[in-house]
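Residues per chain, in single letters:
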Amino acid sequence: MGYLYDDQNIFAKILRGEIPNTTVLETEHCLAFRDISAQAPEHVLVIPKGPYVCFDHFANTASAEEIVDFTRAIGQVTSALKVDPGTGGDGYRLLANTGKDGVQDVPHLHVHLVAGRPLGRMLRDG
Ligand code: 5GP
């Protein structure tokens, strides 16, 4: 069973400019923007512009150019937010909720980049 991309999802609408967003970074293949319901002082979503449902869909079918651009975009956002430990930042968490068990609400690949406070242990029930 493969993936069927729903082009009416909210991030597809953001990419088409139908819904406003607070952009942090735009590259040829990616957009990074602030989450509308931030869970920490810094909460940015990084998405590819291509129609990928989730991380494995992207990892298995995107071009090398898209994959490099996505990875570099995440790195650039950590620098822009000054959270990268390599330049003295306090760190961050990357998270890609996927599918039913991962509780993915929006069916367009997005990596949450969360930072700005101690984030606690990664997994808790509930
Ligand atoms: P998920 O549960 O799919 O991993 O997370 C989806 C995220 O998208 C949530 O953190 C939610 O706050 C965010 N979100 C949903 N709708 C919008 C929107 O219209 N604009 C922005 N910037 N974020 C949104």
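Residues numbered from 1 in each chain as written. Predicted model: local features only at pLDDT ≥ 70, side-chain atom pairs only at ≥ 80, totals over all residues. Heavy atoms only, no water.

Draft legend 1. Spotlight on the site of the ligand. Residues in close proximity to the ligand total 16 residues, the closest being Arg-34, Asp-35, Asp-105, His-110 and His-112. Here Asp-105 contributes a backbone N or O atom positioned 2.7 Å from an oxygen atom of the ligand. One of the side-chain N or O atoms of His-112 is found 2.8 Å from an oxygen atom in the ligand. For the ligand, whose unbound accessible area comes to 530 Å², protein coverage reaches 83%. Taken together, the elements giving at least two residues each to the shell around the ligand come down to α1 (10–15) and β2 (30–34). Split into classes, the residues belonging to the shell around the ligand amount to eight nonpolar, five polar and three charged. (Near = heavy atom within 4 Å. Polar contact = N/O pair within 3.5 Å; in protein donor to acceptor, adjacent residues only side chain to side chain. Areas by Shrake-Rupley, 256 points an atom, 1.4 Å probe, with all protein chains shown as cover. Helix = DSSP H or I, 4+ residues; strand = E, 2+ residues; numbered from the N terminus. Nonpolar A, V, L, I, M, F, W, Y, C, P; charged D, E, K, R; others polar.)

Draft legend 2. Quick peek at the sheet that holds β2. In spatial order, the strands read β1-β2-β3-β5-β4; together these five strands make up an open sheet with antiparallel pairing. Both edges of this open sheet fall to β1 (23–26) and β4 (92–95), since each of them pairs with a single strand only. Direction aside, the axes of adjacent strands within the sheet are offset by 20° on average. In the sheet, β2 pairs with strand β3 (residues 42–48) via five bridges, with the strands oriented antiparallel. In the strand pairing of β3, Ala-32 is matched with Val-46. (Pairing = 2+ DSSP bridges. Axes fitted to C-alpha atoms, helices over the stretch in contact; angles between N-to-C directions.)

Nothing here speaks to function; it is all geometry.
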